[in-house]
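Residue-level listing of the chains:
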There are 2 protein chains.
Amino acid sequence: MEDSRLMQSMLLDFYGALLTDKQRQCYDLHYNEDLSLSEIAEQCGISRQGVWDNIRRAESALKEIEEKTGLIRRFQGTREALKSIRKQAEQIGSMTQGQSREIAGQILREIDGLED
Amino acid sequence: MEDSRLMQSMLLDFYGALLTDKQRQCYDLHYNEDLSLSEIAEQCGISRQGVWDNIRRAESALKEIEEKTGLIRRFQGTREALKSIRKQAEQIGSMTQGQSREIAGQILREIDGLED
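Quantities reported herein were computed from a predicted structural model and do not represent experimental measurements. (Residues numbered from 1 in each chain as written. Chains lettered and ligands numbered in written order. Predicted model: local features only at pLDDT ≥ 70, side-chain atom pairs only at ≥ 80, totals over all residues.)

**Let's talk about the overall build of chain A**
Counting its secondary structure elements, chain A contains 6 helices and 0 strands. The linear arrangement of helices and strands in chain A, starting from the amino end, is α-α-α-α-α-α. Whereas a compact globule of 116 residues would reach a radius of gyration of roughly 13 Å, chain A reaches 21 Å, over 25% beyond that. Dimensions along the principal axes, computed over C-alpha positions, put chain A at roughly 65 × 30 × 20 Å. Per-residue burial for chain A yields a buried fraction of 23% across its 116 residues. (Helix = DSSP H or I, 4+ residues; strand = E, 2+ residues; numbered from the N terminus. Rg over C-alpha atoms; globule rule 2.2 N^0.38 Å. Buried ≥ 20, exposed ≤ 12 C-beta atoms within 10 Å, placed from the backbone.)

So, in structure tokens, the structure goes:
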């Protein structure tokens, strides 16, 4: 996942506000809008080399922030837990009361197992 | 909550890794360990004024990062939802099947209501 589009998109979502406007714009157009360097250069009114530099600097800054803070990793743990709780809660509709209790216990353990 | 010790502590927990070592150390000793400026100065081997400057710069950097990214606010929303789901799951043990289904529906709505 480290180098996937999804990760690039999450990095921008979490930390994009810490980039310069130009870095954020070039990175977004490249990774989210899938524009070529030439297209971005035209849209931003800077050279292709300038676009390239902005994307590289943005990548490096975003990666460094996540390496230092680990907030995406932490947030993802919680999101995974919520996804799993969602599935469990969906099952309760078609269960006996005993089974529902068991599922409720699993949900409680899932929540208690999350890091603070 | 904005100016509370809890908020200062969360700011350090989330974004402390983005401060300089000295800023992080002074801020931590002041807000989490409750040491005086003189005590921190002695422990860090810098002047009281140096301690004060480091704390102020750390405060301003941490506040700016949260204002820009809003990640603590976002994380807290998820934590509140988990707390509420926990309470609901606890109730399932003492409920009829119909009531359990209703609670499960509330849990699903709670999860679906969270921002991505």
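**Remarks on the relation of the copies chain B and chain A**
The transformation that overlays chain B on chain A combines an axial shift of 0.1 Å with a rotation of 180°, and the residual RMSD is 0.2 Å. The two molecules are tied by a two-fold rotation axis, judged by turn and shift. Closest approach to the rotation axis among the C-alpha atoms of chain B is made by Q97 of chain B, whose C-alpha sits 2.8 Å away. When the interface residues of chain B are mapped onto chain A, 100% of them again lie at the interface, so the same face is used by both copies. (Least-squares fit on C-alpha atoms with pLDDT ≥ 70 in both. Contact = placed C-beta atoms within 7 Å.)

**Some remarks on the confidence of the model for chain A**
This prediction gives chain A a mean pLDDT of 90; 96% of its residues lie at or above 70. For this predicted complex, the interface confidence score (ipTM) comes to 0.80, while the overall pTM stands at 0.82. (pLDDT = per-residue confidence, 0-100.)

**What about the environment of E90 of chain B?**
All names here are of chain B. Relative to the helices and strands, E90 is located in helix α5 (residues 71–92). For E90, a count of 14 C-beta atoms within 10 Å corresponds to the partly exposed category. Distance from E90 to G70, taken between C-alpha atoms, is 31 Å for residues 20 residues apart in sequence.

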